[in-house]
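Breakdown of the fold
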Amino acid sequence: MYVAKVRGTVVSTRKDERLVGFKLLIIHQLDTTGAYVGLPAIAVDTVDAGVGETVIVTGGSSARFAAARPDSPIDATIIGIIDTIAVEE
């Protein structure tokens, strides 16, 4: 799992049938200082997150199970919306 910021939305009228009904969001992973890490990605949203929110994301096979679609082409699923983060140095 990792922390990410929702940066945008994706609308796709033509997609794999196993993705129909899912809201797709653009996410960007964050480090412990809140800086962006790597490249943005597209994630399935299971918690009704919105643009600008900080979220918990799971990836790989766990992402497919979190979305209750183990046979779907899902690599990232948003599984929580973060209220606060406290990091001690």
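Counting of residues starts from 1 at the beginning of each chain's written sequence and follows it residue by residue. Local features are withheld for residues below a pLDDT of 70 in this predicted model, meaning they are given only at 70 or higher, and side-chain atom pairs are given and counted only at 80 or more; totals for whole chains, interfaces and linings count all residues. Water and hydrogen atoms play no part in the side-chain values, which are based on all heavy atoms of the structure.

Pairing of aromatic rings covers Phe, Tyr and the six-membered ring of Trp, with a centre-to-centre limit of 6.5 Å; geometry is then stacked below 30 degrees between planes, edge-to-face above 60, and tilted otherwise. Evaluated as defined, the whole model comprises 0 aromatic pairs. As a reminder, the over-ring test applies to NZ of lysine and CZ of arginine, requiring each to be within 6 Å of the ring centre and within 35 degrees of the ring normal. Between R7 and the ring centre of Y36, over which it is positioned, the NZ or CZ distance is 4.2 Å.

Moving on, we come to the pairing of strand β4 (residues 54–59). Two strands are said to pair when DSSP picks up at least two bridges between them. Secondary structure follows DSSP: runs of H or I at least 4 residues long count as helices, runs of E at least 2 residues long count as strands, and numbering of each begins at the N terminus. Relative to β4, strand β1 (residues 2–10) runs antiparallel, the two being bridged by 4 bridges. Paired with K5 across the strands is T54, a residue of β4. Where β4 lies against strand β5 (residues 76–81), 5 bridges are found, and the strand directions are antiparallel. Counterpart to T58 in the pairing with β5 is T77.

Here, a salt bridge means any side-chain nitrogen of Lys or Arg that lies within 4 Å of a carboxyl oxygen of Asp or Glu. Inspection of every chain in the model, using the stated rule, returns 3 salt bridges. The partner of D16 in a salt bridge is R18, with the nearest N and O atoms 2.8 Å apart. Note that K23 and D45 form a salt bridge whose closest N and O atoms lie 3.1 Å from each other. With K23 in strand β2 (residues 23–29) and D45 in strand β3 (residues 41–45), the pair connects residues that are 22 residues apart, well separated along the chain. Partly exposed describes any residue whose relative accessible area lies between the buried limit of under 20% and the exposed limit of over 50%, with all areas from a 1.4 Å probe on protein chains only and scaled to the type maximum. A relative accessible area of 33% means that K23 is categorised as partly exposed. With relative accessibility at 8%, the residue D45 sits in the buried group.

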